[in-house]
Amino acid sequence: MTPLSGWLAGIRSLLAPAGIHCLICGHNSRPSARLPGICAGCEAGIPWISRPRCHKCGRHVGCPDCSRSGQSAPIVCNRSAVAYTPVMRDLLGRYKYRGHERLAPLLGQMLDSAYLQLKAYIEHLQYPPQVPTEKQNKYHFLRRKTANLTIEWQADLLVPVPVSDSRLTERGFNQAERLADILSRLRGIPQLPLLIRTQHTAKQSFKSRAERIADMKDAFAVSPDEQVNIQFSSRLSTVKASGRPLQIIIIDDIYTTGSTIRACAGAVRLLCAGYGIEADIYSLTWARS
Ligand SMILES: [Zn+2]
Ligand SMILES: [Zn+2]
């Protein structure tokens with residue numbers, strides 16, 4: 001090896017991305033450029049819900065639930081980052097039940113992609129793309145002016161779904177609050193644990209859809225914490241001045257029947273009504289089953 005080729009090989013090894021111990025497959029592989037802690041191969045296998053089939057609940061497969069319920073839901077819509085496949089179930093299980101904290105940045109970053117989807121959808125609803133008129137086509141500067149009127153949508157508040165005290169003791173953390181924390185930092189939107197769980201509901205996974213819905217009625221209430229309430233009313237004052245509805249996103253790890261999200265939204269809506277303010281409530285979850 002000539003001194004020059006040795007030097008080039010050294011540079012090449014410095015430039016080559018180092019392998020990482022992937023949090024999903026456990027192999028030492030080339031890291032994903034976009035998601036922290038996993039390899040490029042596992043990133044390629046993530047079941048993103050990039051085109052939800054149901055615009056209401058963000059489901060990736062045909063959805064009878066939204067049409068079946070018939071009643072006006074307390075949320076505008078839900079968006080979820082991924083489909084709850086066995087690989088995703090295992091990933092969430094390792095985080096939630098086995099406390100693998102290192103997974104938090106990965107899951108948070110994935111939730112952020114659902115936030116961007118929700119944002120794009122709301123902007124599309126509020127400011128549908130305008131078809132330029134004949135006059136605007138003739139005068140380009142007019143068209144540019146119209147385009148500039150598009151305002152970026154931003155949520156006012158993230159509200160995590162609470163867990164009961166006994167579950168908090170058991171797990172040591174609330175996974176929804178952790179996810180909300182990460183999104184809050186990434187997007188600069190305040191996060192507030194506005195709700196508490198008033199009933200300790202048994203594990204939802206063993207229940208039928210009807211049982212889950214009946215279970216969730218009155219399961220949540222507004223937190224009695226004075227600091228939380230002070231922070232909430234201070235957020236309200238800025239929104240009240242603008243005269244628009246408060247934009248709230250409820251955050252959870254998984255959306256199954258939506259009964260948890262709807263119950264939380266109901267509690268938040270009651271609170272807002274008490275303050276005499278209108279609210280548009282949305283939800284974001286990491287996975288959609
Ligand atoms: Zn991997
Ligand atoms: Zn749906």
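Remember, predicted model here, so these are calculated numbers, not experimental data. (Residues numbered from 1 in each chain as written. Chains lettered and ligands numbered in written order. Predicted model: local features only at pLDDT ≥ 70, side-chain atom pairs only at ≥ 80, totals over all residues. Heavy atoms only, no water.)

Student: Please provide a residue-by-residue account of the side chain of Ser184, values included.
Tutor: Counting through the fold element by element, Ser184 comes out in helix 9 (residues 175–187). If we ignore the near neighbours within four places in the chain, the residues touching Ser184 are Leu158, Ile189, Pro190 and Gln191. (Helix = DSSP H or I, 4+ residues; strand = E, 2+ residues; numbered from the N terminus. Contact = heavy atoms within 4.5 Å.)

Student: Describe the coordination of the zinc ion (ligand 1), and please don't skip the residues or the numbers.
Tutor: Donor atoms from the polypeptide that coordinate the zinc ion (ligand 1) comprise Cys22 (SG), Cys25 (SG), Cys39 (SG) and Cys42 (SG), at 2.3 to 2.4 Å from the metal. If you look at the zinc ion (ligand 1), its four donor atoms make angles of 104 to 118° with each other, and the shape they trace is tetrahedral. Taken in chain order, the donor set of the zinc ion (ligand 1) reads C-x2-C-x13-C-x2-C. Residue Cys22 is classed as buried on the basis of its relative accessible area, which comes to 2%. (Donors = N, O, S within 2.8 Å, 3.2 Å for Na, K, Ca; no water. Tetrahedral: all angles 85-135°; square planar, octahedral: opposite > 155°, others 65-115°. Buried < 20%, exposed > 50% of the residue type's maximum accessible area, 1.4 Å probe, protein only.)

Student: Can you explain the packing of helix 5 (residues 104–126) against helix 9? Please cite residues and give values.
Tutor: Their axes nearest at 9 Å, the elements helix 5 and helix 9 cross at an angle of 60°. Crossing handedness for the pair helix 5 and helix 9: right-handed. Counting all contacts with helix 5, which are made through Ala104, Pro105, Leu107, Gly108, Gln109, Leu111, Asp112, Tyr115 and Leu116, the residues of helix 9 involved are Leu179, Ile182, Leu183, Leu186 and Arg187. Class assignment for the residues of the contact of helix 5 with helix 9 results in 10 nonpolar, two polar and two charged. (Axes fitted to C-alpha atoms, helices over the stretch in contact; angles between N-to-C directions. Left-handed = near helix turned anticlockwise from the far one by under 90°. Nonpolar A, V, L, I, M, F, W, Y, C, P; charged D, E, K, R; others polar.)

Student: Requested: an account of the pairing of strand 7 (residues 246–255), with residues and values cited.
Tutor: On a regular strand, one side chain projects to one face of the sheet and the next to the other, so that they alternate. Within strand 7, 10 of the 10 residues are buried, which leaves it mostly tucked inside the rest of the structure. As judged from the four bridges shared by strand 4 (residues 157–160) and strand 7, these two strands associate in the parallel manner. For Pro160, the partnering residue across the bridge sits in strand 7 and is Ile251. Across nine bridges, strand 7 lies against strand 8 (residues 279–288) in parallel orientation. (Pairing = 2+ DSSP bridges.)

Student: A description of the environment of Arg171 should follow, citing residues and the corresponding values.
Tutor: Of note, Arg171 is situated in helix 8 (residues 165–171). The buried category is assigned to Arg171, whose relative accessible area is 15%. In this view, Arg171 contacts Lys96, Tyr97 and Val163; residues no more than four positions away in its chain are not counted.

Student: Run through the packing of helix 4 (residues 86–96) against helix 5, naming residues and quoting values.
Tutor: Contact geometry of helix 4 with helix 5 gives a least axis separation of 10 Å together with a crossing angle of 130°. In terms of their interaxial angle, helix 4 and helix 5 are classed as oblique. Here helix 4 and helix 5 pass one another in a crossing that is left-handed. Residues Met88, Leu91, Leu92 and Tyr95 of helix 4 touch helix 5, and the partners they reach there are Ala104, Leu106, Leu107 and Met110. (Parallel < 35°, antiparallel > 145°, perpendicular 65-115°, else oblique.)

Shape descriptors only; they carry no functional weight alone.
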